[in-house]
Amino acid sequence: MHLVSKVVFDYNIVNGDFLGDKNLSSLEDLKNAIKKNTTYEKPFLVRINRIVKIMDTDSPILHDGNPFSVMIQDKFKTVQFDDEHFDFTVVDKLTYQPDVRKMLIQKYGSTLNLEGKKLTDNIPVLYFGVIENNNFRYVNCRSLTPKDIVLNKDFHQIWPIKSKRPLLALEKFLRKTKETIRQK
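Quick notes on the rules
- Counting restarts for each chain, with residues numbered from 1 along the sequence as it is written.
- Where local features are concerned, this predicted model is filtered to residues with pLDDT of at least 70; where side-chain atom pairs are given and counted, the filter is 80 or more; whole-chain, interface and lining totals use all residues.
- Hydrogen atoms and water are omitted, and side-chain values are computed over all heavy atoms in the structure.
- Numbering of helices and strands runs from the N terminus, with a helix taken as a DSSP run of H or I at least four residues long and a strand as a DSSP run of E at least two residues long.
- Using a 1.4 Å probe on the protein chains alone, a residue whose accessible area is under 20% of its type maximum counts as buried, one over 50% counts as exposed, and one in between counts as partly exposed.
- Any two residues whose heavy atoms approach within 4.5 Å are treated as being in contact.
- What pLDDT expresses is the predictor's confidence in each residue, scored from 0 to 100.
- By definition, no residue in a patch forms a salt bridge, and every one has over 30% relative accessible area; like charges are joined within 9 Å, nonpolar side chains (Val, Leu, Ile, Met, Phe, Trp, Tyr) within 5 Å.
- Residue exposure ignores everything except the shown protein chains as possible cover, and the areas themselves are Shrake-Rupley values with a 1.4 Å probe.
- For this document, the term salt bridge refers to a Lys or Arg side-chain nitrogen within 4 Å of an Asp or Glu carboxyl oxygen.
- By this rule the span expected of a helix is its residue count minus one, scaled by 1.5 Å.
- Summarising the geometry, the arc corresponds to the directions from the helix axis toward the C-beta atoms.
- By nonpolar core is meant a set of buried Ala, Val, Leu, Ile, Met, Phe, Trp, Tyr and Cys residues that side-chain atoms within 4.5 Å join together.
- A strand pair is defined by DSSP finding two or more bridges across the two strands.

### Some points on the environment of Thr177
Working step 1: Of note, Thr177 is situated in the segment after helix H3 (168-174).
Working step 2: Assessed through its relative accessible area of 41%, Thr177 is described here as partly exposed.
Working step 3: Separated by 169 residues in sequence, Thr177 and Val8 have C-alpha atoms that sit 7.4 Å apart.
Working step 4: Here Thr177 is in contact with Val7 and Phe9, once residues within four sequence places are set aside.

Pasting the structure below:
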């Protein structure tokens, strides 16, 4: 048995209009996908998954029962581990409770259920819009926490610390391209 590891990354983008789920070849590809498929009117969530594939290169998979044909995709017996991910939110600029209150009054004539959320004026919020179901309207909004990571469209961190550089933790995560396999 000869085991070989391969680390791949994929990403999911979730906003109201676009759901991406693609392999990640570079950070630039992710930036371009985000710029092409989003409007920045509402925040959206991005999850980068680190996937480790362990292949037994001594066991090729036969295709269609033909012993002379080997499959092109994953041509060896493969075990896949989805063990790590990196989450962040992308938004053009930070929004605060007074901003949300003003938008709600302009559009709906009231603040709906915003006052019941116990938001603080000086802590930014993630405002995802208003969910409407029949005659019921619900403000989808929450305060940011120190554990949240928020980037702008240029991938510069704007929460919890503002920086004019790309997020170093994300770059470090994407550099983890090797996985050691120990065989007994």
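### Notes on the confidence of the model for the protein chain
Working step 1: Residues with a pLDDT of 70 or more make up 83% of the protein chain, whose mean pLDDT is 83.
Working step 2: Mean pLDDT across the elements of the protein chain bottoms out in strand E5 (residues 66-70) (52) and peaks in helix H2 (residues 97-108) (95).

### Digging into a nonpolar patch on the surface
Working step 1: Judged by side-chain polarity, Ile131, Phe136 and Tyr138 come together as a nonpolar surface patch covering roughly 300 Å² of accessible area.
Working step 2: Locating Phe136 in the fold gives a position in strand E8 (residues 136-143).

### A look at H2
Working step 1: Between its terminal C-alpha atoms H2 stretches 16 Å, which fits the 16 Å expected from twelve residues at 1.5 Å a residue.
Working step 2: Within the span of H2, buried status applies to Gln97, Val100, Leu104 and Tyr108. Seen end-on, H2 carries its buried residues on one side only, within an arc spanning 60°. Of the exposed residues in H2, the ones pointing more than 90 degrees away from its buried face are Lys102 and Gln106.

### Some points on the nonpolar core
Working step 1: In this structure, Leu30, Val46, Ile48, Phe88 and Leu170 are the most contacted members of the largest nonpolar core, which totals 22 residues.
Working step 2: Going through the elements one at a time, strand E1 (3-14), helix H1 (27-37), strand E3 (44-60), strand E6 (76-90) and H3 are the ones with two or more residues in this core.
Working step 3: Ignoring any residue separated from it by four or fewer positions in sequence, one finds Val46 in contact with Asn12, Ile13, Leu30, Ile34, Phe86, Asp87, Phe88 and Val90.
Working step 4: One finds Tyr108, Val125, Tyr127 and Val139 within the second-largest nonpolar core, a separate group that totals ten residues.

### Here we look at the pairing of E8
Working step 1: Where strand E7 (residues 125-133) lies against E8, eight bridges are found, and the strand directions are antiparallel. Bridging across to E8, Tyr127 finds its partner in Cys141.
Working step 2: The turn joining E7 and E8, which pair antiparallel and follow one another in sequence, is formed by two residues; a positive phi near 55° is taken by Asn134.

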